[in-house]
There are 2 protein chains.
Amino acid sequence: MSSKAVRGTRDILPDEMKIRDQLEQQILEVYRTHGFSRIETPVMENLELLLGSEGGENLKMLFTILKRGEKLELTPEASVLDLCDMGLRFDLTLPLSRFYSNNKETLEGPFKAIQIGNVFRAERPQKGRYRSFKQCDIDIIGDPTVNAEIELMDTTAKALLAIGFKGFTIKVNHRKLLGAMIQKSGFSADAVGTICISLDKMDKIGVAGVTRELISKGHDSNAVDKLMTCVTTITLENLEQWVEDPETIEALVTVINTVKVLAKNNFEVVFDFSLIRGMGYYTGLIFEVSYGPYGSAIAGGGRYDNMIGRYEKTSVPAVGFSIGFERIINILMDEKGDAVQDEKAVILFYEPQTDKLAEVIALGDAWRKKGYVVNLMAMKKKFGKQIAANDKGRYQGFLVFGRDEEIKNF
Amino acid sequence: MSSKAVRGTRDILPDEMKIRDQLEQQILEVYRTHGFSRIETPVMENLELLLGSEGGENLKMLFTILKRGEKLELTPEASVLDLCDMGLRFDLTLPLSRFYSNNKETLEGPFKAIQIGNVFRAERPQKGRYRSFKQCDIDIIGDPTVNAEIELMDTTAKALLAIGFKGFTIKVNHRKLLGAMIQKSGFSADAVGTICISLDKMDKIGVAGVTRELISKGHDSNAVDKLMTCVTTITLENLEQWVEDPETIEALVTVINTVKVLAKNNFEVVFDFSLIRGMGYYTGLIFEVSYGPYGSAIAGGGRYDNMIGRYEKTSVPAVGFSIGFERIINILMDEKGDAVQDEKAVILFYEPQTDKLAEVIALGDAWRKKGYVVNLMAMKKKFGKQIAANDKGRYQGFLVFGRDEEIKNF
């Protein structure tokens, strides 16, 4: 019987777990002091809900859960909806929208949500990419103004700074700008989605690669050329030459300029027209945080004003920003090793088979009161070896019950 | 489109979430200061692993995940293993055993593990019983002596005391005692498992109900009578009259007497021969915590010395104790309402459409430095109404940017 974790997932060992718990608490603390409130939803959602979302490529990576309690019609024609009625969530945004609609009467307006939890995508397993991974999201529901975007960027940046990141870059773009420019280049409105999927690969395959892909998909080469010229020459300063949409331009400029003031010298904020974000549900500003030489984003988000409208008669404005916890952890462990914040930890050894365990425990409690983590261990016959084996661990020292009054250093 | 959480699960709202986070941290703190280390495993495990475990009734309540990446053979004869290759974990003990085997080279010996996470069982939905629920487990792997049981009971009891429980009862029994008495009454060794399943219903259907059930299952009425006499008259003091197994009796007596000393007047520890615990994997001492008038246990555990042997050549001794987080929360909210530990929280109002949001945020930060949670809110036209709407919330007061120097109370 194999003892490996299932494909694409992994076990988290004590040293990493300690770092993860510390980081999660630090992030949570920043979110909380900024007035956000934590909520939680189940990892499973109705499959129809997941499939009906605009989750983009993620819908191809759903884990679905077999129906229970009814006889399945097992024929070769059976679809996933015949077999399954639930799926594991692929993000925290769709569940939040459902949550908001389900509980809106009792929630503050605007509602500022914190969600920290795992999401699931059947990605092709590769280094640093897992099929179960943690996200730390904040969202503001009910604020149609760019104040919401600014507050999310400010709070997310503070969380990243709090856990030791510095010099990261927030890239900002606007879905409406993308849509307008794609159409202005000569593509039809229907094509915007698929064009965006290709543009999204810019980081990996470059301008030439995206050009090739669009042409191979049968798009007009003239339109492709125009779009690529735009991609490579558009800037925040010359935006008005490219697009006639003063409202979108103002939103973009206000957000970037305000966040620049907040950034001081701690991080950058830039306009990046090649920024796409995979999800189909975004409707306005979109943003991503990149850091140093690390390829993929460490955080991302955007405005999704139409998603809650799936449940409600009227649409409800909403924006979110999500920190990719696994990437954060990978980078921090890469850069800083697994240096855990110091704790005072000692071992309290005792004779095995002792009839005095209650007294041993009481002595442990006395040291705990002094602020120590105390681990009880029965002494082995080869005590010298046992001490040596624990020397390189997390302990600063040890005591032997009935023998030592003070902690001995290793 | 329905916005309800999937059947048998629920959304957790901000007020409850705050309590949950506080309790979880308090429990974690007790576990940690007692030398336990937190680990994490994925919520999904290989289906064969789950089905091959001795999970008792829980195996009938598995959520299974459809295979991906291969063409399914959809015929009426297809079994769940033909359709699915993973399932959601139904407890944290099986994953821990797999984890230990997978990572044992890097783990301390004995390994003292903390796990806090959700498990999944397709229970018939009812009040207070969910299909996704949190457990807080500690386990000691590698200690064959009852010191492990005593340490787990001590630590779990301290965690329960830390979060405000008092006067609970730890019930203790021993699987070997159960097995011996069942056989001594005249049942075959093979029948022990099914007899235990019936005995486990004692709480709900009483001695008469269990008697009826055993007889209706075709068991010898003489044997059933003998067993029921034992169940109703056996005590820790007369154990030796019932069973000739000095080792088992000594283990039981040592644990109960030592924990009695540790309990002082804070909680009780008693021998309870009708305690079964559903899982088939227990091999030695088993225990459960009951509290006040609440029917079901708030914590439970036992020794499972053979489970890790599924992966290893030799079996590895192991004991675990799990707190049922949802029950704890239900009881605390029942008894104490949703009284959250006080935090200093204020609202910082600002004129909407402000071009001074960076300054507003800076003022918010200044108050955060003084220890406040600061929630930014754009002022509405009917400001008086807006203030009134937030009066009953979590805020002690508010400030208006550019107008107030000090916090105004509601």
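In this text the structure is predicted, and so the values were computed from the model without any measurement.

Conventions we followed
- Residues numbered from 1 in each chain as written.
- Chains lettered and ligands numbered in written order.
- Predicted model: local features only at pLDDT ≥ 70, side-chain atom pairs only at ≥ 80, totals over all residues.
- Heavy atoms only, no water.
- Contact = heavy atoms within 4.5 Å.
- Buried area = accessible area lost by both parts, 1.4 Å probe.
- Salt bridge = Lys/Arg side-chain N within 4 Å of Asp/Glu carboxyl O.
- Polar contact = N/O pair within 3.5 Å; in protein donor to acceptor, adjacent residues only side chain to side chain.
- Helix = DSSP H or I, 4+ residues; strand = E, 2+ residues; numbered from the N terminus.
- Nonpolar A, V, L, I, M, F, W, Y, C, P; charged D, E, K, R; others polar.
- Pairing = 2+ DSSP bridges.
- Axes fitted to C-alpha atoms, helices over the stretch in contact; angles between N-to-C directions.
- Least-squares fit on C-alpha atoms with pLDDT ≥ 70 in both.
- Parallel < 35°, antiparallel > 145°, perpendicular 65-115°, else oblique.
- Expected span 1.5 Å × (residues − 1).
- Buried < 20%, exposed > 50% of the residue type's maximum accessible area, 1.4 Å probe, protein only.
- Domains from an automatic or database assignment.
- UniProt positions renumbered as here; feature names shortened; annotations may be inferred.
- Core = buried A, V, L, I, M, F, W, Y, C linked by side-chain atoms within 4.5 Å.
- Left-handed = near helix turned anticlockwise from the far one by under 90°.
- Patch = residues over 30% accessible without salt bridge, like charges linked within 9 Å, V, L, I, M, F, W, Y side chains within 5 Å.
- Areas by Shrake-Rupley, 256 points an atom, 1.4 Å probe, with all protein chains shown as cover.
- Phe/Tyr/Trp six-rings, centres within 6.5 Å; stacked < 30°, edge-to-face > 60°.
- Lys NZ or Arg CZ within 6 Å of the ring centre and 35° of its normal.

A look at the interface of chain B and chain A
- Counting from both sides, the interface comprises 91 residues of chain B and, opposite them, 91 residues of chain A.
- When chain B packs against chain A, the two sides together hide about 7,900 Å² of surface, and 57% of this comes from carbon and sulfur.
- For chain B, the biggest contributors to the area lost against chain A are Met1(B), Arg68(B) and Leu74(B); these three give 9% of the whole.
- In this structure, Asp21(B) and Arg38(A) form a salt bridge, with 3.1 Å as the shortest nitrogen-oxygen distance.
- At the surface where chain B touches chain A, the tally comes to 44 residue pairs in polar contact (both at pLDDT 80 or more).
- Broken down by element, the residue count for the side of chain B that touches chain A peaks at 8 residues, all from helix 1 (residues 14–33) of chain B.
- Tallied by class, the residues present in the side of chain B that touches chain A amount to 47 nonpolar, 23 polar and 21 charged.

Examining the sheet that holds strand 14 (residues 397–400) of chain A
All names here are of chain A.
- Spatially, the 4 strands line up as an open sheet ordered 13-12-14-15, and their pairing is mixed. Each end of this open sheet is capped by a strand with a single partner; those strands are strand 13 (373–378) and strand 15 (408–409).
- Two strands pair when backbone bridges link them, and strand 12 (residues 345–350) and strand 14 are joined in this way by 4 bridges, in the parallel orientation. Bridge assignment links Ile347 to a residue of strand 14, and that residue is Phe398.
- Helix 13 (residues 357–369) contacts strand 12, strand 13 and strand 14 of the sheet and is inclined by roughly 155° relative to strand 13.

Observations concerning the relation of the copies chain B and chain A
- Of the transformation placing chain B onto chain A, the axial shift is 0.0 Å and the rotation is 180°, giving an RMSD of 0.1 Å. The symmetry that links the two subunits is that of a two-fold axis. Taking the C-alpha atom as reference, chain B places Ile65(B) closest to the rotation axis, 2.2 Å from it.

Observations concerning the packing of helix 6 (residues 175–184) of chain A against helix 7 (residues 192–199) of chain A
Residues and elements named next belong to chain A.
- Where helix 6 meets helix 7, the closest approach of the two axes is 10 Å, and the angle between their N-to-C directions is 105°. Here helix 6 lies roughly perpendicular to helix 7, going by the angle between them. Residues Leu178, Gly179, Ile182 and Gln183 of helix 6 lie in contact with helix 7, whose contacting residues are Val192, Ile195, Cys196 and Leu199.
- Considering only residue class, the contact of helix 6 with helix 7 consists of 6 nonpolar, 2 polar and no charged.

Regarding helix 5 (residues 147–162) of chain A
Residues and elements named next belong to chain A.
- Taking 1.5 Å as the rise per residue, helix 5 with 16 residues should run 22 Å; its terminal C-alpha atoms sit 22 Å apart, in good agreement.
- Most of helix 5 is tucked away: 14 of the 16 residues are buried.
- Looking one or two residues beyond helix 5, the residue adopting positive phi is Gly164, at roughly 105°.

Here's the deal with the domain arrangement of chain A
- One can read the domain layout of chain A as domain 1 (14–336) and domain 2 (345–409).
- Taking only C-alpha atoms into account, the centre of domain 1 of chain A sits 49 Å from that of domain 2 of chain A.

Considerations on the pattern of salt bridges
- Applying the stated criterion across every chain yields a total of 54 salt bridges over all chains.
- Of the charged contacts in the structure, one is a salt bridge between Arg20(B) and Glu16(B), with a shortest N-O distance of 3.1 Å. Of this pair, Arg20(B) and Glu16(B) both sit in helix 1, 4 residues apart, which is roughly one turn of that helix.
- For Arg303(B), the salt bridge identified is with Asp305(B), shortest N-O distance 3.0 Å.
- Take Asp305(B): its relative accessible area is 21%, and that puts it in the partly exposed class.
- Residues joined by salt bridges that share partners form a network here, namely Asp21(A), Glu24(B), Arg32(B), Arg38(B) and Lys134(B).

Looking at the UniProt feature "binding site: L-histidine" (unreviewed entry) in chain A
Residue and element names in this part refer to chain A.
- As annotated in UniProt, the feature "binding site: L-histidine" (unreviewed entry) corresponds to Asp91, Leu92, Thr93, Arg121, Gln135, Asp139, Arg277, Tyr281 and Tyr282 in the numbering used here.
- Mapped onto the elements, Asp91 comes out in the loop between strand 4 (84–88) and helix 4 (93–103).
- You can call Asp91 buried: its relative accessible area is 3%.
- Once residues lying within four places of it in the same chain are set aside, the contact partners of Asp91 are Val119, Arg121, Gln135, Met279 and Tyr281.
- At 3.2 Å, the side chain of Asp91 forms a polar contact with the backbone nitrogen of Thr93.

Side note on the nonpolar core
- Formed by 238 residues in total, the largest nonpolar core has its most connected members in Phe165(A), Ile170(A), Leu199(A), Phe165(B), Ile170(B) and Leu199(B).
- Grouped together as the second largest cluster of nonpolar side chains are 20 residues, Met86(A), Leu88(A), Phe120(A) and Leu88(B) included.

Things to note about the packing of helix 1 (residues 14–33) of chain A against helix 12 (residues 325–336) of chain A
Residues and elements named next belong to chain A.
- Interaxial distance between helix 1 and helix 12 falls to 11 Å at its minimum, and their mutual angle equals 120°. Considered as vectors, helix 1 and helix 12 are oriented oblique to each other. The hand of the helix 1/helix 12 crossing is right-handed. Contact residues: Glu16, Ile19, Arg20, Leu23, Glu24 and Ile27 in helix 1; Phe325, Glu326, Ile328, Ile329, Leu332 and Met333 in helix 12.
- A per-class count over the contact of helix 1 with helix 12 returns 8 nonpolar, no polar and 4 charged.

Re the environment of Arg394(B)
- Tracing the backbone shows Arg394(B) in the loop between helix 14 (383–391) and strand 14 (397–400).
- Take Arg394(B): its relative accessible area is 19%, and that puts it in the buried class.
- In sequence terms Arg394(B) and Tyr31(B) are 363 residues apart; their C-alpha atoms lie 30 Å from each other.
- Apart from the residues within four sequence positions on either side, Arg394(B) is in contact with Gly35(A), Phe36(A), Ser37(A), Glu108(A), Lys18(B), Glu343(B), Ala345(B), Val373(B) and Asn375(B).
- Polar contacts involving the side chain of Arg394(B) include one to the main-chain carbonyl oxygen of Gly35(A), which spans 2.7 Å.
- Engagement of the side chain of Arg394(B) in a polar contact is seen with the side chain of Ser37(A), the distance being 3.3 Å.

Concerning the sheet that holds strand 14 of chain B
All names here are of chain B.
- Ordered in space as 13-12-14-15, the 4 strands form an open sheet in which the pairing is mixed. The strands lining the two open edges of the sheet, one partner per strand, are strand 13 (373–378) and strand 15 (408–409).
- Across the face of the sheet, helix 13 (residues 357–369) comes into contact with strand 12 (345–350), strand 13 and strand 14 while running at roughly 155° to strand 13.
- Packed onto the sheet, helix 14 meets strand 12, strand 13 and strand 14 and runs at close to 165° relative to strand 12.

Section: a nonpolar patch on the surface
- The grouping of Leu51(A), Val80(A) and Leu81(A) at the surface amounts to a nonpolar patch, some 190 Å² of accessible area in total.
- Here Val80(A) shows up in helix 3 (residues 80–83).

Here we look at the packing of aromatic side chains
- For the structure shown, the criterion picks out 22 aromatic pairs over all chains.
- With a centroid separation of 4.8 Å and an interplanar angle of 90°, the aromatic rings of Phe349(A) and Phe383(A) are classed as edge-to-face. In this pair, Phe349(A) is assigned in strand 12 and Phe383(A) in helix 14 (residues 383–391), connecting sequence segments 34 residues apart.
- Note on Phe349(A): relative accessible area 0%, which makes it buried.
- Judged by centre distance (6.2 Å) and plane angle (20°), the ring pair of Phe99(B) and Phe111(B) falls under stacked. Separated by 12 residues along the polypeptide, Phe99(B) in helix 4 (residues 93–103) and Phe111(B) in strand 5 (residues 111–120) bring together distant segments of the chain. Taken as a pair, Phe99(B) and Phe111(B) share a single burial class, namely buried.
- An aromatic cluster is built from Phe349(A), Phe383(A), Phe398(A) and Phe410(A), whose rings are joined through pairwise contacts.
- Against the face of Phe325(A) rests Lys134(A), its NZ or CZ located 5.6 Å from the ring centre.
- Over the ring of Tyr372(A) we find Lys344(A), and its NZ or CZ is 4.4 Å from the ring centre.

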